Amino acid sequence: MFRKPEVIEFKVGSPLTQPPVSPSVITDPQILYDAMMGRFNSRIYARGEISLPAIPSLVDYYLEGLDQIFTSLGKQFSEEEIQQLRHNLISQLEQGFRASPHSYIVLRYDPSDNGGISYNISTVVSTMAEQYNSWLSTRQTPLFGSQPDAKLIEVVKQIPGRPQDIAVLDIGAGTGRNTLPLARMGYAVDALELTPAFADQIKEAAQAENLAIRVYNADILSPLARMAPAYYSLIFASEVVSHFRTADEIRLLLAKVCDGLHSGGGFLFNTFVAIDGYEPDQMTRELSQINWSTIFTRRDIQTAMDGLPLTLIEEVPVYDYEKSHTPPEAWPPTGWFENWSLGRDLFWLPDHRPPMELRWLVCRRL
Amino acid sequence: MVCITDPVVLRKAAVSRHQYRFYFSGQFILPCVPSLIEDYLEQFQRVFTALGRQFSEADLEQLRQIVASCLVEGYSASTHANLILDYQVDANTGGIKYTARTEIGNVAGQYQGWIRDRPAPLFRDFPDAKALHVAAKLESELGANPLHILEIGPGTGRNTIPLARRGYHVDAVEITPEFAEQIQAAASQESLSINVQVGNFLDPLVRFRLRHYHLAYASEVVAHLHDLDELRLLFAKVADYLIPGGLFLFNTFLPIAEYLPEPVIKELSMVHCCMLFTKAEIYQALDGLPLQYVMDEPQLKYEQQHQKPEDWENLGWFGLWSSGRGLFDLPEGQEPPIELCWLILQRI
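Model, not experiment: these values are computed from the prediction.

So, on to the overall build of chain A. Of the regular secondary structure elements, chain A holds 12 helices and 12 strands. At 27 Å, chain A has a C-alpha radius of gyration far larger than the 21 Å of a compact globule built from 366 residues. Its C-alpha atoms give chain A principal-axis dimensions of roughly 100 × 45 × 40 Å. Taking all 366 residues of chain A together, 49% fall into the buried category. Within chain A, residue pairs in contact and separated by at least 24 positions form 73% of the contacts whose partners lie at least 6 positions apart. Accessible surface computed for chain A: about 18,100 Å², of which carbon and sulfur atoms make up 54%. If the 31 positive side-chain charges of chain A are averaged to one point and the 44 negative ones to another, these points end up 3 Å apart.

See below:
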């Protein structure tokens, strides 16, 4: 016998649930064929598992695909069963997406005892730190490239004074791609990194080279993550805002940055910005989050900055700037960087430019 | 082997054995002051000894480590953190078993307790003379009409409402929701130009209009701060909102020049809401900010000269607290080396 799944939530798609159509004798070969196959389909035992990224706005897309799969297995769902499935999908998709853009819902189905299938849906939540942690075991280093950001080096060099007197904060330092070169140049660098394994790597590297880097394992958006007030000359966040989920999170970042910068200090960050005139819909916004490319409009960013003591002084495309300021032998920084920074991880348009791209934004604190 | 028959020795031995049939349990609740670890341990030991239980060196060391980590955790988390040590007889061994934890409170919680337990008015029911004087002076000097005031920590509106009655526009941020409601209710009743929001001024998302206010005002607020970083953040944010030439009036406990408080006193001052900053520390917190130190003066003396005598009769806890007796329990005639002072900073 088939082993029953532990949680049987819904028994659906049985071909034997329709009542007899008519009491008369049938000899039409087509009707008889369908009748035999309908009966036969109840003897097909299907079991499987489908994992889907938890994107609430894709519920109808998923529903259509699942319906096709079950139909092809000979387990046609009734309209009522489809609506029930839709209802179940929505609640799991929303729950997963709320928890993390890296969540999946897992639909498992098994044969049911009435010839249909039984299914259950669960949510698998994965955090960004877990995702990055898995990079360590599955990807080749350096994970984020070996060169510091060219724009960062340009901005930091514009700050007058001796490097040792210039306090710099790297938010989302990763494995130290920017932190370490800045420290080698003599800047007083602090690094904030939320993935514990990455923070440890920076600490080890700093120790090995005898660099005075203070490394904090924390999420900048956490209320407990506090920085020294009015202290830094430069704060930067490279490839960080692309992980954010809402414009409110940008505002919190900017507000905290304002508190950490001294008057006249600079804030450099990059984010995906939709080109003017393109307004992403809800589905695009949700999909951008799971593709590590959260899309923001200019209005989102302006609203986030509203009333804060920050002025936007420069904005340039990351791809173009970095490409033209990086030695050809060091380009691209990673295998994924070009497509990602051009927005193609969200919009796969290999021969065109998508309506968003990663951009450098330089701000000055009043 | 010697068989004992001496009745005195036997009585003692039996009674000592009998102790293990005594059961007791209890709880200590102590503010998290890391520097007091040895004092606290002594106190625990005294109580446990009195209950007939001696801790071995090793047991004591373990207790020390557990308590020390709780004290540090609580102290760094909040100005209102307690260590809670529950103890009871361990039925198996006859010794003491205990659990230690920290309980983290906050300023709003403290005042909600006041609302519950104390009769109104919780604070003095007259405004600070200094606030009214500084506002009036700014109004005439800057020719500001109306004067825009940012009040941090208005409490029940003791100053907010009198200031607004003079025609000033007051924006305020108050950490205790019940207080904010009281002020807003009073403001709507008299149609006063007051906007109160609930929040902590130091919260990154609590923001006000940049370069907008003539006067920022914080009475009995700095005493609640946690550390020098918070003081600097307070200054930095105030500097954002003041117009050039605008003033920041606040009060804080200042030690007299000859007195340098040791760490344990600083920790205690935080826990007792009399947070002590030395003048050197205040200058350090101001370093590089567009704020300039204008003056300081003892608050009690200033207010006494300018308040109505009948108001001054009825100071309540404020008189003791502002003269430093919230921190130092000294006999009458001996003055603590700290006192609450008015300070004024000017936005450059």
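Looking now at the pairing of strand 8 (residues 232-237) of chain A. Residue and element names in this part refer to chain A. Of all six residues in strand 8, six are buried, a share of seventy percent or more. Where strand 8 and strand 9 (residues 261-274) come together, five bridges link them in parallel fashion. Paired with Phe 236 across the two strands is Leu 268, which belongs to strand 9. Handedness of the crossover joining strand 8 and strand 9 through helix 8 (residues 247-260) is recorded here as right-handed.

Attention shifts here to the packing of helix 8 of chain A against helix 10 (residues 298-305) of chain A. All names here are of chain A. The geometry of helix 8 relative to helix 10 is characterised by a closest axis approach of 8 Å and an angle of 40° between their N-to-C directions. One element, helix 8, and the other, helix 10, form an angle in the oblique class. Pair helix 8 / helix 10 crosses with right-handed handedness. Each of Ala 247, Ile 250, Arg 251 and Leu 254 in helix 8 lies in contact with helix 10, whose residues at this interface are Asp 300, Thr 303, Ala 304 and Met 305. Across the contact of helix 8 with helix 10, the residue classes tally to five nonpolar, one polar and two charged.

Right, let's get into the interface of chain A and chain B. At the interface, 15 residues of chain A touch 14 residues of chain B. With both chains or domains summed, chain A and chain B bury close to 1,300 Å², and 60% of this area falls on carbon and sulfur atoms. At the junction of chain A and chain B, the tally comes to two salt bridges. Between A:Arg365 and B:Asp240 there is a salt bridge, with its nearest N and O atoms 2.6 Å apart. Across the chain A-chain B interface, the total number found is five residue pairs in polar contact (both at pLDDT 80 or more). Here the side of chain A that touches chain B takes six residues from helix 8 of chain A, the largest share from any one element. Among the residues forming the side of chain A that touches chain B, the class breakdown is nine nonpolar, one polar and five charged.

Conventions used here
- Residues numbered from 1 in each chain as written.
- Chains lettered and ligands numbered in written order.
- Predicted model: local features only at pLDDT ≥ 70, side-chain atom pairs only at ≥ 80, totals over all residues.
- Heavy atoms only, no water.
- Helix = DSSP H or I, 4+ residues; strand = E, 2+ residues; numbered from the N terminus.
- Rg over C-alpha atoms; globule rule 2.2 N^0.38 Å.
- Buried < 20%, exposed > 50% of the residue type's maximum accessible area, 1.4 Å probe, protein only.
- Contact = heavy atoms within 4.5 Å.
- Areas by Shrake-Rupley, 256 points an atom, 1.4 Å probe, with all protein chains shown as cover.
- Lys, Arg positive; Asp, Glu negative; His and termini not counted.
- Charge placed at Lys NZ, Arg CZ, Asp CG, Glu CD.
- Pairing = 2+ DSSP bridges.
- Right-handed = clockwise from strand over helix to strand, strands pointing away.
- Axes fitted to C-alpha atoms, helices over the stretch in contact; angles between N-to-C directions.
- Parallel < 35°, antiparallel > 145°, perpendicular 65-115°, else oblique.
- Left-handed = near helix turned anticlockwise from the far one by under 90°.
- Nonpolar A, V, L, I, M, F, W, Y, C, P; charged D, E, K, R; others polar.
- Buried area = accessible area lost by both parts, 1.4 Å probe.
- Salt bridge = Lys/Arg side-chain N within 4 Å of Asp/Glu carboxyl O.
- Polar contact = N/O pair within 3.5 Å; in protein donor to acceptor, adjacent residues only side chain to side chain.

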